[in-house]
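A structural walkthrough
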Amino acid sequence: GRSTLSRLIHGARASLQVAFLAVAIATMAGSGLGIMAAYRGGLVDMLVMRTMDLVLCLPMMILTITVVAFMGTSITNLILVIGVLYTPGTARIVYTTALSIRQTQYVQAAQAVGAGGPRIMMRHMLPNVIAPLLASRAWRATAERRRARGVETARCPAIVRPTPFGPSQTYK
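Reference entry: report on the structure contained in this document. Source: prediction; values computed, not measured.

Criteria and cut-off values
- Residues numbered from 1 in each chain as written.
- Predicted model: local features only at pLDDT ≥ 70, side-chain atom pairs only at ≥ 80, totals over all residues.
- Heavy atoms only, no water.
- Helix = DSSP H or I, 4+ residues; strand = E, 2+ residues; numbered from the N terminus.
- Buried < 20%, exposed > 50% of the residue type's maximum accessible area, 1.4 Å probe, protein only.
- Areas by Shrake-Rupley, 256 points an atom, 1.4 Å probe, with all protein chains shown as cover.
- Expected span 1.5 Å × (residues − 1).
- Arc of directions from axis to C-beta.
- Core = buried A, V, L, I, M, F, W, Y, C linked by side-chain atoms within 4.5 Å.
- Contact = heavy atoms within 4.5 Å.
- Salt bridge = Lys/Arg side-chain N within 4 Å of Asp/Glu carboxyl O.
- Axes fitted to C-alpha atoms, helices over the stretch in contact; angles between N-to-C directions.
- Left-handed = near helix turned anticlockwise from the far one by under 90°.
- Nonpolar A, V, L, I, M, F, W, Y, C, P; charged D, E, K, R; others polar.

1. Let's talk about the overall build of the protein chain
The helix and strand inventory of the protein chain stands at six helices and zero strands. Along the protein chain, helices and strands appear, N-terminal first, in the series α-α-α-α-α-α. Burial status across the protein chain gives 34% buried among its 172 residues. Only carbon and sulfur atoms are counted for the fraction: they give 67% of the accessible area of the protein chain, which is about 10,600 Å².

Right, here's the structure in full:
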């Protein structure tokens, strides 16, 4: 048969894939939305942050089960749903940090010399938002990992658990 270690490594592959890709989606989308809302302000700020509040109100487990039931049971769908559901947390952290960064002298100096909005957001605001985002994500990693793992194992039959017998082997 297969050893326990080889089964553990094989099983961890799917869990790590879901975790890393979902966090990557949430981080990229949330960072972009949070910085854009903080820099632009006004109507853009209100629309983006109220949308994030709406997504935060949705129960994660029920929405994940519903989406996977309608769209099909695949790891891709699971990654997308978890990534979208974790986006508002990232967006709120980035938004609050970017609001304070928007008022700094180097951002105002970049605006004074005529730098465009995308350049200011990417070159001046994004690098200064990364440290608080990483600190917050590290703090919440355990709880999020447990929640995502519960959804993954309980409701996604696309993740095939290894059997002790190979596909052509039968127990006699």
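Read on, since the account is not over.
2. Things to note about the environment of Gly89
Locating Gly89 in the fold gives a position in helix H4 (residues 75-102). Among the residues examined, Gly89 registers a relative accessible area of 12% and is labelled buried. The sequence separation of Gly89 and Asp53 amounts to 36 residues, and the corresponding C-alpha distance is 9.3 Å.

3. Re helix H1 (residues 4-40)
Compared with an ideal rise of 1.5 Å per residue, which puts 37 residues at 54 Å, H1 spans 53 Å between its outermost C-alpha atoms and is within 8% of the ideal. Count one or two residues on from H1 and you reach Gly41, which has phi positive near 70 degrees.

4. Some words on helix H3 (residues 60-71)
End to end, H3 covers 16 Å across 12 residues, agreeing with the expected 16 Å (1.5 Å per residue, within 8%). Residues of H3 that are buried include every one of Met60, Thr64, Val67 and Val68, and no others. Along the axis of H3, the buried positions cluster into a sector of 95 degrees, meaning they face one direction only. Exposed and facing more than 90 degrees away from the buried side of H3 are Ile62, Ala69 and Phe70. Two residues or fewer after H3 comes Gly72, characterised by a positive phi angle close to 110 degrees.

5. Notes on the nonpolar core
Counting 18 residues, the largest nonpolar core has Ile35, Ala98, Ile120 and Met125 as its most contacted members. Those elements that place two or more of their residues in this core are H1, helix H2 (42-57), H4, helix H5 (105-112) and helix H6 (117-155). Apart from the residues within four sequence positions on either side, Ile120 is in contact with Tyr39, Val107, Ala110, Gln111, Ala115 and Met125.

6. Section: the pattern of salt bridges
Two side chains that carry opposite charge are able to pair once their charged atoms sit near each other. If you walk through the whole model with that rule in mind, you get two salt bridges. Across the pair Asp53 and Arg50 runs a salt bridge, and its minimum N-O distance is 3.1 Å. Within this pair, Asp53 and its partner Arg50 are both found in helix H2, separated by three residues, close to a single helical turn. Here Asp53 ties to Arg92 by a salt bridge, and the two come within 2.5 Å at their closest N and O atoms. Separated by 39 residues along the polypeptide, Asp53 in helix H2 and Arg92 in helix H4 bring together distant segments of the chain. Classification of Arg92 by relative accessible area gives partly exposed; the value is 36%.

7. Here we look at the packing of H1 against H4
It is the contact of H1 with H4, at a shortest axis distance of 5 Å, that shows an interaxial angle of 35 degrees. Here H1 runs over H4; the crossing is right-handed. Grouping the amino acids of the contact of H1 with H4 by side-chain chemistry returns 22 nonpolar, eight polar and one charged.

8. Some points on the packing of H1 against H2
Where H1 meets H2, the closest approach of the two axes is 7 Å, and the angle between their N-to-C directions is 145 degrees. Both H1 and H2 take part in a crossing whose hand is left-handed. Each of Leu33, Met36, Ala37 and Arg40 in H1 lies in contact with H2, whose residues at this interface are Gly42, Val44, Asp45, Val48, Met49 and Met52.

Functional significance is not addressed by these values, which are geometric in nature.
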